[in-house]
Structures are given as C-alpha cells and as structure tokens.
Amino acid sequence: MKIGDVAQASGLSAKTIRYYEDIGLVRPVRGENGYRAFVETDVHKLRFLARARSLGFSIRECRTLLSLYEDRERASADVKALAEAHLRRIDRKIAEMEGLRGTLATLVERCHGDARPDCPILDDLAGPASGGER
C-alpha cells in the first residue's frame, strides 16, 4: 500500500505517518525504488496510534503502549498503570481548567459591560503578576 492509501485507511495525514516513521513507531519496508510499502499490520498500528493520541497519550506513552500491545507476555497491570497515570494527569488538568473557569466567570460577572471605561477584567489582568513574567 502507498502512503496515501494508508493515510485514508488510518485516518492520519501522510505527514503524520512520515513523522511516525521518522521516530520509529512504524517501519514500512522500502522498495528498490525507495517508496514506502505499507502492509495491513502498519495500518493497524497507525489506527492504534491514532486512537491512543486521540485519548491524549504522549508519543512516549504511545511507544510504550504499542510495545505492550505487541508483547503477548505482557501483564495487563502494566497497561493499567500507564492508563491510570494518564488519567491522573487529565484529572489535574480538569481541576486546573475548572479553577480558571471560576476565576474568569467571576471577572465577567463583575464587569458591567457598558459604555463606562472601568473594567474589572482589565484591572485584574493589569494587577500584580502571580508567578508569570510581565
């Protein structure tokens, strides 16, 4: 299969597939003409990677997941531990986003949104920096 066919079958762009090849996640054979020749197992791996990435796993984690998937002697506990660590990171990000949402909602509520120049949103943004650079 050519890269265009594989892109269509996997739902990934040809650019992404080339990147995954460059970093060793897939290894299509090369014909004498230098063209990539993908097989069905490559398509399966690419679909696997697409799904893992859609769930937010990093490239490094995808490499580990793919390795575990290919290891028929694996312990499911290893897969679960990786997924649980990722879930904890997602939970932390959600909590962070909820905090940001609460702060912004309060600022929006305090702003009159009329023709007056005073604005609590801008006042807050112009206030003392909290850990970031100005």
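Quick notes on the rules
Counting from 1, residues in each chain are numbered in the order their sequence is written. Under the rules for a predicted model, residues below a pLDDT of 70 receive no local features and side-chain atom pairs below 80 are neither given nor counted, while totals for whole chains, interfaces and linings still include all residues. Water and hydrogen atoms play no part in the side-chain values, which are based on all heavy atoms of the structure. What counts as a helix is a DSSP run of H or I of at least four residues, what counts as a strand is a run of E of at least two, and both are numbered from the N terminus. Here the globule rule is a power law, 2.2 Å times the number of residues to the power 0.38, and the radius of gyration is based on C-alpha atoms. Relative accessibility thresholds used throughout: buried, under 20% of the residue-type maximum; exposed, over 50%; partly exposed, between the two (1.4 Å probe, protein chains only). Accessible areas in this description were obtained via Shrake-Rupley with a 1.4 Å probe; residue shielding takes into account the shown protein chains only. Within 3.5 Å is the distance limit for a polar contact, defined as a pair of N or O atoms, with the added protein rule that one can donate a hydrogen and the other accept it, and that residues adjacent in sequence qualify only through two side-chain atoms. Contact criterion: two residues are considered in contact whenever any of their non-hydrogen atoms come within 4.5 Å of each other. In this analysis, axes come from line fits to C-alpha atoms, helices being fitted only over the stretch in contact, and the angle between any two N-to-C directions falls in the range 0 to 180 degrees. With respect to orientation, any angle under 35 degrees is reported as roughly parallel, any angle over 145 as roughly antiparallel, any angle of 65 to 115 as roughly perpendicular, and every other angle as oblique. Take the far helix as the reference: if the near one is turned anticlockwise from it by less than a right angle, the crossing is left-handed, and if turned clockwise, right-handed. Here the term charged refers only to Asp, Glu, Lys and Arg, the term nonpolar to Ala, Val, Leu, Ile, Met, Phe, Trp, Tyr, Cys and Pro, and the term polar to all other amino acids, Gly among them. Comment: arc refers to directions from the helix axis out to C-beta atoms. Neither His nor the chain termini are counted; the positive set is Lys and Arg, and the negative set is Asp and Glu. A pairing counts as a salt bridge when a side-chain nitrogen of Lys or Arg comes within 4 Å of a carboxyl oxygen of Asp or Glu.

1. Concerning the overall build of the chain
Part 1: Within the chain, the regular secondary structure consists of six helices and two strands.
Part 2: Taken from N to C terminus, the helices and strands of the chain fall in the order α-α-β-β-α-α-α-α.
Part 3: Taking 14 Å as the expected radius of gyration for a compact globule of 134 residues, we find that the chain reaches 23 Å, considerably beyond that expectation.
Part 4: Residue burial in the chain is summarised as follows: out of 134 residues, 23% are buried.
Part 5: As displayed, the chain has an accessible area near 9900 Å², and 54% of this comes from carbon and sulfur atoms.

2. Details of the side chain of Glu 61
Part 1: By secondary structure assignment, the location of Glu 61 is in helix H4 (residues 59-70).
Part 2: Polar side-chain contacts of Glu 61 include one of 2.7 Å to the backbone nitrogen of Ser 58.
Part 3: What Glu 61 contacts, discounting residues up to four positions off in sequence, is Gly 56, Leu 82, His 86 and Arg 89.

3. What about the packing of helix H1 (residues 3-10) against helix H3 (residues 40-54)?
Part 1: Two numbers describe how H1 lies on H3: the axes approach to 9 Å, and their chain directions differ by 45 degrees. For the element pair H1 / H3, the angle class is oblique. Between H1 and H3 the crossing geometry is right-handed. Counted together, Val 6, Ala 9 and Ser 10 of H1 and Val 43, Leu 46, Arg 47 and Ala 50 of H3 form the full contact between these two elements.
Part 2: Residue composition of the contact of H1 with H3, by class: five nonpolar, one polar and one charged.

4. Description of H1
Part 1: Listed as buried for H1 are Ile 3, Val 6, Ala 7 and Ser 10. Along H1, the residues classed as buried sweep out an arc of 105 degrees about the axis, all on the same side.
Part 2: Of the surrounding elements, those touching the buried residues of H1 are helix H2 (14-22), strand E2 (36-37) and H3.
Part 3: Looking one or two places after H1, you find Gly 11, whose phi comes out positive at around 80 degrees.

5. What about the packing of H4 against helix H5 (residues 76-110)?
Part 1: Relative to each other, H4 and H5 sit at 155 degrees, their axes nearing to 10 Å. Taken as axis vectors, H4 and H5 run roughly antiparallel relative to one another. Crossing geometry of H4 relative to H5 is assigned as left-handed. Residue-level inspection shows Glu 61, Thr 64, Leu 65 and Leu 68 of H4 in contact with H5, the latter providing Asp 78, Val 79, Leu 82, His 86 and Arg 89.
Part 2: For the contact of H4 with H5, the per-class residue count stands at four nonpolar, two polar and three charged.

6. Describing the side chain of Asp 42
Part 1: With respect to the helices and strands, the residue Asp 42 is situated in helix H3.
Part 2: One buried charged residue, Asp 42, forms no salt bridge at all, with the nearest opposite charge on Lys 45 at 5.2 Å.
Part 3: Apart from residues lying up to four places away in sequence, Asp 42 is in contact with Val 26, Arg 27, Pro 28 and Ala 37.

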